[in-house]
Amino acid sequence: MKKWLVSCLFLATTLAAQTSAPVPAGTALMVRLDTTLATFSNRVGDPFRGSLMQPVMVDGKTAIPAGATVEGRVTKVNEPRRISGKPTIGILPEAVILPTGERYFLDATLTDTNIRGTDVNQEGQFKGQTRDRRDNLEAGGGTAGGMLIGGLIGGGPGILIGGAIGAGSATAHWLATHRSAVLPSGTQLTLELNRPLTMSTAPASGGSK
């Protein structure tokens, strides 16, 4: 009798899962990043984890509860050496794990973060900052400082040489301190589903496509 009751409960749970509506494509998942990602420390293939900040609702019911884990991997790391470029981190969300341990394949793309002064391109790649007003002031200050020193040493020609040296040192300083993109732990990520997520399918067995 007990075994029959357990079998009935399992069948009812399975049928309920099979009739649940999928999470539609285009649904936004608000995820808090639990892993710090940076262009100077990560490599392609490195894993990352995050947790769902808000429950995902479908037809008034919770399809994915808050606290569910999102896992994925780094797909691109780029630190350009030119001033005009932007450091880039590409990430690929691959799985969502419910608090019960059930794991499902996740096809989603990063669309936004809460980090000011940065953006995300159409391929879901996070773009770090380029030169900002402070950087321009640093470059201007370096040039002015070099011109002052050059003028004191060699007059007119010294001013031109000193200015070039000052600008070069400021640029070198900027290249050494501003060419990395960082997604700190705690960053809010907005992920968008590329296709419907059906929670009734068999859980994914791993964290990669």
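Residues numbered from 1 in each chain as written. Predicted model: local features only at pLDDT ≥ 70, side-chain atom pairs only at ≥ 80, totals over all residues. Heavy atoms only, no water.

*Asks:* Looking at this model, I keep getting lost on unusual backbone geometry. Mind explaining?
*Replies:* What is expected of a backbone is that most residues other than glycine have negative phi and most peptide bonds are trans. In the Ramachandran plot, Asp-59 falls in the positive-phi region, its phi being about 55 degrees despite a non-glycine side chain. On the basis of relative accessibility, which here comes to 68%, the residue Asp-59 falls in the exposed class. (Buried < 20%, exposed > 50% of the residue type's maximum accessible area, 1.4 Å probe, protein only.)

*Asks:* Sorry if this is basic, but what is going on with the pattern of salt bridges here?
*Replies:* Pairing is possible between side chains that carry opposite charge, provided their charged atoms lie close to one another. All chains considered together, the criterion is met by 6 salt bridges. The residue Lys-86 makes a salt bridge to Asp-119 at a minimum N-O spacing of 3.2 Å. With a gap of 33 residues between them, Lys-86 in the loop between β6 (69-78) and β7 (88-97) and Asp-119 in strand β10 (residues 119-120) connect regions that are remote in the sequence. Given a relative accessible area of 34%, Asp-119 falls into the partly exposed group. Across the pair Arg-195 and Asp-107 runs a salt bridge, and its minimum N-O distance is 3.6 Å. In this pair, Arg-195 sits in the segment after β13 (188-193) while Asp-107 sits in the loop between β8 (103-105) and β9 (108-113), placing the two residues 88 residues apart along the sequence. Arg-195 sits in the partly exposed class, given a relative accessible area of 44%. On the basis of relative accessible area, Asp-107 is assigned to the buried category, the value being 18%. (Salt bridge = Lys/Arg side-chain N within 4 Å of Asp/Glu carboxyl O. Helix = DSSP H or I, 4+ residues; strand = E, 2+ residues; numbered from the N terminus.)

*Asks:* Hey, could you run me through the confidence of the model for the protein in this one?
*Replies:* One rule of thumb: low pLDDT means the predicted coordinates there are not for detailed reading. Confidence in the prediction of the protein, expressed as mean pLDDT, is 75, and 60% of residues score 70 or more. Considering only residues more than four positions removed or in separate chains, one finds that residues 159-165, a stretch of pLDDT under 50, has 9 contacts. Here residues 170-177 scores under 50 on pLDDT; set against residues more than four positions off or in separate chains, the count is 12 contacts. (pLDDT = per-residue confidence, 0-100. Contact = heavy atoms within 4.5 Å.)

*Asks:* In this structure, what is going on with the side chain of Thr-69? I would like to understand it.
*Replies:* Relative to the helices and strands, Thr-69 is located in strand β6. Looking at Thr-69, the relative accessible area reads 16%, which means it is buried. Setting aside residues up to four positions removed in sequence, Thr-69 forms contacts with Arg-49, Gly-50, Ala-95, Val-96 and Ile-97.

*Asks:* Looking at this structure, I do not really get the nonpolar core. What am I missing?
*Replies:* If you look at the biggest cluster of nonpolar residues, it comprises 31 residues, and the most contacted ones within it are Val-23, Leu-29, Leu-37, Ile-64, Leu-189, Leu-191 and Leu-197. Put simply, the parts of the chain that give this core at least two residues each are β1 (28-33), β3 (47-52), β4 (56-58), β5 (61-64), β6, β7, β9 and β13. Setting aside residues up to four positions removed in sequence, Leu-29 forms contacts with Leu-52, Val-56, Leu-106, Leu-189, Thr-190, Leu-191 and Leu-193. (Core = buried A, V, L, I, M, F, W, Y, C linked by side-chain atoms within 4.5 Å.)

*Asks:* Got a minute to help me understand the pairing of β3 in this structure?
*Replies:* It is a general feature of regular strands that their side chains alternate between the two faces of the sheet. As paired strands, β1 and β3 are joined by 3 bridges and run antiparallel to one another. The residue bridging Leu-33 from the neighbouring strand is Gly-50, located in β3. When β3 meets β6, the two strands line up antiparallel, connected through 5 bridges. Across the sheet, Pro-47 pairs through a bridge with Arg-73, a residue of β6. (Pairing = 2+ DSSP bridges.)

*Asks:* What is the right way to look at the pairing of β1 in this model?
*Replies:* Burial of β1 is one-sided: the residues Leu-29, Val-31 and Leu-33 facing one way are buried, the residues Ala-28, Met-30 and Arg-32 facing the other way are not. Bridging between β1 and β13 involves 5 bridges; their strand directions are antiparallel. Paired with Met-30 across the strands is Thr-190, a residue of β13.

*Asks:* Where do I start with the environment of Gln-188 in this structure?
*Replies:* Tracing the backbone shows Gln-188 in strand β13. Along the primary structure Gln-188 and Gly-50 are separated by 138 residues, whereas in three dimensions their C-alpha atoms are 9.3 Å apart. For Gln-188, the residues in contact, after removing those within four places along its chain, are Val-31, Met-53, Asp-112, Thr-113 and Asn-114.

*Asks:* What's the story with the environment of Arg-195 in this structure? I'm lost.
*Replies:* Here the alpha-carbon distance between Arg-195 and Ala-25, two residues 170 residues apart in the chain, equals 4.3 Å. If we ignore the near neighbours within four places in the chain, the residues touching Arg-195 are Ala-25, Phe-105 and Asp-107.

*Asks:* Before we go on, may I ask you to explain the environment of Val-58 in this structure?
*Replies:* Tracing the backbone shows Val-58 in strand β4. Residues Val-58 and Pro-24, 34 residues apart in the sequence, show an inter-C-alpha distance of 8.3 Å. Those residues in contact with Val-58 that sit more than four places away from it in its chain are Ala-21, Pro-22, Val-23, Pro-24 and Ala-63.

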